[in-house]
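# Structural characterization, general
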Amino acid sequence: MTRLMDTIGKSVRERCKNANLTLMEDEIRKCILRVFAKTGNPPTVKEIIEIVTAPSEDVVNQAIRKLRMADILTTQVGVITSAYPFSAAKTRHRVFFADGHSVHALCATDALGMHFMLGEDITIKSVCPECEHEITIVLKEGRIASRDPESVIEYVKARESCGCTADTCCPNINFFCGRGHLEQWKAGNPADNSGEVYSLEEALEDGRMIFAEFLK
Ligand SMILES: [Zn+2]
């Protein structure tokens, strides 16, 4: 049986390949990710032009449209609202960097993946959907340096059709304090109780698999 996260990871990685981006379009994609990582927010079209020395506003807008069609980012009235693994809007998963600044991740796996995509030590602060208590995970040099609570797990909801867009799939990948809180949550959410549970170590490997090459 194929693991749910293998299917999701494959679809995320193939999205970039299948988009057939030109060199400039790929530069624009990376520029958006780097600014998101540094500031927690996407760059404006003007900022992108300056950073990648794009020939015109049209070229940048067209690239953004293409990236949206390929489901690599989302927009709202022309403004970028998310680009895997980042969200401009507040989410359940916040990622802190060594210099103190923070960004929001679209889902639990995206938060873990940032560690590999950016090659920086991070602290993830997430919230258990059942008890709303804070979960803290520290990642250093490719490994889990600490976790609180110790019993933290990742739960991925099974969707009938996982389009895996920022709107449909990502809210379904969360950290829970442990098995007990997941079971309680499933009892209260019977429509969503056929997902898969992963240990934090497994979830970390999924993050590496999906995001390690994202900015290369
Ligand atoms: Zn909990």
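Please read these numbers as outputs of a predicted model, since none were measured by experiment. (Residues numbered from 1 in each chain as written. Predicted model: local features only at pLDDT ≥ 70, side-chain atom pairs only at ≥ 80, totals over all residues. Heavy atoms only, no water.)

In the first shell of the zinc ion, the protein supplies Cys128 (SG), Cys131 (SG), Cys177 (SG) and His181 (ND1), at 2.0 to 2.3 Å from the metal. Metal-centred angles of 98 to 128° between the 4 donor atoms at the zinc ion mark the site as tetrahedral. Each donor residue of the zinc ion belongs to the same chain, with the gaps between them written as C-x2-C-x45-C-x3-H. Of this pair, Cys131 sits in the loop between β6 (122-127) and β7 (134-140) while Cys177 sits in the loop between β10 (173-176) and α6 (179-188), and the two are 46 residues apart along the sequence. (Donors = N, O, S within 2.8 Å, 3.2 Å for Na, K, Ca; no water. Tetrahedral: all angles 85-135°; square planar, octahedral: opposite > 155°, others 65-115°. Helix = DSSP H or I, 4+ residues; strand = E, 2+ residues; numbered from the N terminus.)

Following both chains from N to C, one finds helix α2 (residues 23-39) and helix α3 (residues 45-52) inclined at 115°, their axes separated by 10 Å at the closest point. One element, α2, and the other, α3, form an angle in the roughly perpendicular class. Crossing of α2 against α3: the hand is right-handed. Between α2 and α3, the residues in contact are Met24, Glu27, Ile28, Cys31, Ile32 and Val35 and Ile48, Ile51 and Val52, respectively. (Axes fitted to C-alpha atoms, helices over the stretch in contact; angles between N-to-C directions. Parallel < 35°, antiparallel > 145°, perpendicular 65-115°, else oblique. Left-handed = near helix turned anticlockwise from the far one by under 90°. Contact = heavy atoms within 4.5 Å.)

Right, let's talk about α2 for a bit. Along an α-helix, a turn takes 3.6 residues, which lines up residues three or four apart on a common side. With 17 residues, α2 extends 24 Å between its outermost C-alpha atoms, agreeing within 8% with the 24 Å of an ideal straight helix rising 1.5 Å per residue. Of the residues one or two after α2, Gly40 is the one with positive phi, at around 85°. (Expected span 1.5 Å × (residues − 1).)

Attention now moves to the domain arrangement of the chain. Domain boundaries assigned for the chain yield domain 1 (4-83) and domain 2 (93-211). Distance from the C-alpha centre of domain 1 to the C-alpha centre of domain 2: 23 Å. In this complex, domain 1 contributes 18 residues to the contact, which on the side of domain 2 involves 24 residues. Between domain 1 and domain 2 lies a buried interface of about 1,500 Å² when both sides are counted; carbon and sulfur atoms form 71% of it. Along the contact surface separating domain 1 from domain 2 lie 0 salt bridges. Inspection of the domain 1/domain 2 interface yields 5 residue pairs in polar contact (both at pLDDT 80 or more). Considering every element that reaches the side of domain 1 that touches domain 2, the biggest residue donor is helix α1 (residues 4-18), with 9 residues. (Domains from an automatic or database assignment. Buried area = accessible area lost by both parts, 1.4 Å probe. Salt bridge = Lys/Arg side-chain N within 4 Å of Asp/Glu carboxyl O. Polar contact = N/O pair within 3.5 Å; in protein donor to acceptor, adjacent residues only side chain to side chain.)

Attention now moves to the side chain of Lys186. For Lys186, the position within the fold is in helix α6. Relative accessible area serves as the criterion here: at 15%, Lys186 is assigned to the buried category. Look past the residues within four positions of Lys186 in its chain and what remains in contact with it is Tyr155 and Asn193. (Buried < 20%, exposed > 50% of the residue type's maximum accessible area, 1.4 Å probe, protein only.)

With their axes 10 Å apart at the nearest point, α2 and helix α4 (residues 57-69) run at an angle of 80° to one another. On the basis of their axis angle, the class for α2 and α4 is roughly perpendicular. When α2 is examined against α4, the residues Met24, Glu25, Ile28, Arg29 and Ile32 are found in contact with a partner set consisting of Val59, Val60, Ala63, Ile64, Lys66 and Leu67.

Quick look at the sheet that holds strand β11 (residues 196-199) now. Here we have 3 strands laid out as an open sheet, ordered β10-β9-β11, and antiparallel in their pairing. This sheet does not close on itself; its edge strands, each paired only once, are β10 and β11. Strand-to-strand twist of the sheet, defined as the mean angle between neighbouring strand axes without regard to direction, takes the value 30°. With 4 bridges connecting them, strand β9 (residues 153-156) and β10 associate as antiparallel partners. Counted as the bridge partner of Val156 is Ile173 from β10. (Pairing = 2+ DSSP bridges.)

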